[in-house]
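Letter by letter, the chains look like this.
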Amino acid sequence: MSLDLSTHGKNIIEEVVKKKYAYLYSQNDISRQVTAQIEEWQFKTKLEILQQDIFSEHQSKLTQWLDCYTKDSNELNPKAVEEYLSFCSEVGVPANLSYWKKALKENKDTSKQTSDKKPHFQLLLHEWQKHLDVAQARWQLEELQSRRDQFLEQLIEWMELIKQLDQNLCEFGFELGVWFDDSLGSLSKQNIDVLKRWLNYLQNDEGVKKIADLLGKMRQIEHTSEIERVQQTIELQTPIVDTNSKEEIIGLRLAKDLEHALPSELALMSDPDTAILFDLKYLEAKLLCFELQGLTYQKTEVEITVEVEKETEEKLGPMILCIDTSGSMQGTPESIAKAVTLFLGVKAKNQNRPCFVINFSTNIETFEVTSVTGIAELTGFLSQSFHGGTDVAPALRYAIKLLETEKYEKSDVLVISDFVMSDLPESLLKDLEQQKLNGNQFNSLVIGDLFMYNRVENYFDNEFIYNPKSHQIQELLQFTALQKSR
């Protein structure tokens, strides 16, 4: 762009987002995401406006006539006048047709000296350049505003999705800040809708809420924490428009500021014949000048109270979640299973606990919750389903391999399923018993009442049974008894 207008558009967008979403923008990862999107828009907009310049053909024609004038072709060319008048008609500016007809007539008068005809050609080129600069600047401003408004609408829609997700997670005690990362850029409305559906089970179903709470405490009954309030002073930078600070071009105006005059105006002084016109425009303050302004930042110190959680030195164990996504779980049971998995996955990340998720049917898919894992990735993984038969053995074998690694020693393994399945192989049962002796726990959440109770009881240390029809926890075996004994 001939004027760096995209920078001004960038500043406007940043100010709107900062003002409308102050809390979200205060999160470093969110502000970094917003800045990255705005800078990408700025670069693309600048490039596209340059490539799509509707006045490039007129500029090319004008350049050719300027070359012609430079090579001592002083007589006014009828073709040049024709193209200039066509340009004026196209952009909607007065062309003074009667003057140019008269000039062409004088141009044909052989009695006049060639030097008398020169000013006509020079004035034509000057007027052409002036009108072209103004028309091009106006088009760029309009195009930039249109693109800016469109991008700002998309950015606000994206920020609304993030705000909506933050509100839903906070209602259940989740800190969305833990999940602020580069994956937010790929978070779609569909992702948010899926998350909201799962969170509804956690928020509105007391049975699911109690199950999630109990599962979250499986190896944390003796874990304590202390909240300490700390006063912090933060410095806020408030932008203020400063018309005296000449930093950015925001448009054009008529004035007599020589330092801000357009090159085409200053060019009038290069020739004695047009210098008079320049003096006249200067005295009347009608020189076409750039209009500039800038931003200054006022520093404000604000004291805030921050709650800091101090945990004991006790380290929480890793978590391995095996989720049944077979055909028998389709519908409400699967949604409840994934809602509970979301809760535990977020809880594990908040507590910096290693967490591994295994989807199973007759095959398995795996996903590890890490320090760089975002909520978009976790939601995408949990959205997968097999809807085939049920075979938990491959998932448990994979879990046992993880337990044999240093990272997943003394883990809590949780299987969430309706347990409509056959017996486990004897070799796998022996491996489970060995892992229990190594300090690992195997737990189950049974959704529904179609399972074979005696079989399940022999597999796991703690068993939670939930009926989605009655929304009741029908049995809490061993773990409930353990709580009462304490």
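Calculation rules
Residues numbered from 1 in each chain as written. Predicted model: local features only at pLDDT ≥ 70, side-chain atom pairs only at ≥ 80, totals over all residues. Heavy atoms only, no water. Helix = DSSP H or I, 4+ residues; strand = E, 2+ residues; numbered from the N terminus. Buried < 20%, exposed > 50% of the residue type's maximum accessible area, 1.4 Å probe, protein only. Contact = heavy atoms within 4.5 Å. Phe/Tyr/Trp six-rings, centres within 6.5 Å; stacked < 30°, edge-to-face > 60°. Lys NZ or Arg CZ within 6 Å of the ring centre and 35° of its normal. Salt bridge = Lys/Arg side-chain N within 4 Å of Asp/Glu carboxyl O. Pairing = 2+ DSSP bridges. Polar contact = N/O pair within 3.5 Å; in protein donor to acceptor, adjacent residues only side chain to side chain. Core = buried A, V, L, I, M, F, W, Y, C linked by side-chain atoms within 4.5 Å. Expected span 1.5 Å × (residues − 1). Arc of directions from axis to C-beta. Axes fitted to C-alpha atoms, helices over the stretch in contact; angles between N-to-C directions. Left-handed = near helix turned anticlockwise from the far one by under 90°. Nonpolar A, V, L, I, M, F, W, Y, C, P; charged D, E, K, R; others polar. Right-handed = clockwise from strand over helix to strand, strands pointing away.

**Structural notes on the overall build of the protein**
No. 1: Assigned secondary structure in the protein consists of 17 helices and 10 strands.
No. 2: Out of the 486 residues belonging to the protein, those deemed buried represent 45%.
No. 3: Long-range contacts, defined here as pairs at least 24 residues apart, represent 78% of the contacts in the protein between residues at least 6 apart.

**Focus: the packing of aromatic side chains**
No. 1: Evaluated as defined, the whole model comprises 9 aromatic pairs.
No. 2: A centroid spacing of 4.8 Å and a plane angle of 80° characterise the contact between Tyr99 and Trp100, whose relative ring orientation is edge-to-face.
No. 3: Residue class for Tyr99 comes out partly exposed when judged on its relative accessible area of 27%.
No. 4: For Trp100, a relative accessible area of 3% translates into the label buried.
No. 5: An aromatic cluster of at least three residues, connected via ring pairs, comprises Tyr84, Phe87, Tyr99, Trp100 and Trp128.
No. 6: Sitting over the face of the ring of Tyr282, Lys256 holds its NZ or CZ atom 4.8 Å from the ring centroid.

**A few points about unusual backbone geometry**
No. 1: Its identity as a non-glycine residue notwithstanding, Ala285 has a phi of 55°, on the positive side.
No. 2: Among the secondary structure elements, Ala285 is positioned in the loop between helix H11 (272-283) and strand S3 (287-311).
No. 3: For Ala285, a relative accessible area of 29% gives the class partly exposed.
No. 4: Phi is positive for Lys410, close to 50°, though the residue is something other than glycine.
No. 5: Position of Lys410 among the secondary structure elements: in the loop between helix H14 (393-403) and strand S7 (412-417).

**Structural notes on the pattern of salt bridges**
No. 1: Per the counting criterion, the structure on display carries 14 salt bridges.
No. 2: For Glu14, the salt bridge identified is with Lys10, shortest N-O distance 3.3 Å. Separated by 4 residues within a single helix, Glu14 and Lys10 lie in helix H1 (residues 5-20), roughly one turn from each other.
No. 3: Notably, a salt bridge pairs Glu368 with Lys407, separated by 2.6 Å at the nearest N-O pair. Of this pair, Glu368 sits in strand S6 (residues 364-369) while Lys407 sits in the loop between H14 and S7, and the two are 39 residues apart along the sequence.
No. 4: Overall, the relative accessible area of 26% leaves Glu368 in the partly exposed class.
No. 5: On the basis of relative accessible area, Lys407 is assigned to the partly exposed category, the value being 48%.

**Points about the pairing of S6**
Regular strands place their side chains on alternate faces of the sheet.
No. 1: Relative to S6, strand S5 (residues 355-360) runs antiparallel, the two sharing 6 bridges. Pairing of Val357 across the sheet is with Phe367, part of S6.

**Regarding the side chain of Ser417**
No. 1: When you line up the elements, Ser417 lands in strand S7.
No. 2: Side-chain polar atoms of Ser417 contact the backbone nitrogen of Phe419, separated by 2.9 Å.
No. 3: Apart from residues no more than four positions distant in its own chain, Ser417 is found in contact with Asp324, Met329, Phe360, Leu445, Val446 and Ile447.

**Describing the nonpolar core**
No. 1: Within the largest apolar cluster, 30 residues are counted, with the highest numbers of intra-cluster contacts made by Leu321, Ile416 and Leu445.
No. 2: The element contributing the most residues to this core is helix H12 (residues 332-350), with 9 residues.
No. 3: Counting 25 residues, the second-largest nonpolar core is a separate cluster that includes Cys322, Val392, Leu396 and Ile465.

**Thoughts on H14**
Residues lying three or four places apart along an α-helix face the same way, a consequence of the helix completing one turn every 3.6 residues.
No. 1: Where H14 is concerned, the buried positions are Ala393, Ala395, Leu396, Ala399, Ile400, Leu402 and Leu403.
No. 2: Where H14 is buried, its residues contact strand S4 (319-324), S5, S6, S7, helix H15 (426-437) and strand S8 (441-447).

**Observations regarding helix H5 (residues 78-91)**
No. 1: Taking 1.5 Å per residue as the helical rise, H5 with its 14 residues ought to reach 20 Å, and the 20 Å between its terminal C-alpha atoms agrees with that figure.
No. 2: All of the buried residues along H5 are Ala80, Val81, Glu83, Tyr84, Phe87, Cys88 and Val91. The arc that holds the buried residues of H5, viewed along the axis, is 165°, so those residues lie on one side. In H5, those exposed residues whose orientation departs by more than 90 degrees from the buried face are Glu82, Ser89 and Glu90.
No. 3: Immediately beyond the C-terminal end of H5, within one or two residues, lies Gly92, with a positive phi of roughly 75°.

**Examining the packing of H14 against H15**
No. 1: Close contact between H14 and H15 brings their axes to 11 Å; oriented N to C, the two are set at 35°. Of the two possible hands of crossing, H14 and H15 adopt the one that is left-handed. Contacts from Ala393, Leu396, Arg397, Ile400 and Leu403 of H14 reach H15 at Leu428, Asp431, Leu432 and Gln435.
No. 2: A per-class count over the contact of H14 with H15 returns 6 nonpolar, 1 polar and 2 charged.

**So, the pairing of S4**
No. 1: In terms of residue burial, S4 counts as a mostly covered element, since 6 of its 6 residues are buried.
No. 2: Burial along S4 is two-sided: Met319, Leu321 and Ile323 and Ile320, Cys322 and Asp324, pointing in opposite directions, are all buried.
No. 3: Relative to S5, S4 is paired through 6 bridges, and the arrangement is parallel. Within S5, the position partnered with Ile323 by the bridge is Asn359.
No. 4: Of the crossover connections in this fold, the one passing from S4 over H12 to the parallel S5 is right-handed.
No. 5: In this sheet, S7 lies alongside S4 in parallel orientation, the contact comprising 5 bridges. Along S7, the bridge assignment pairs Ile323 with Ile416.

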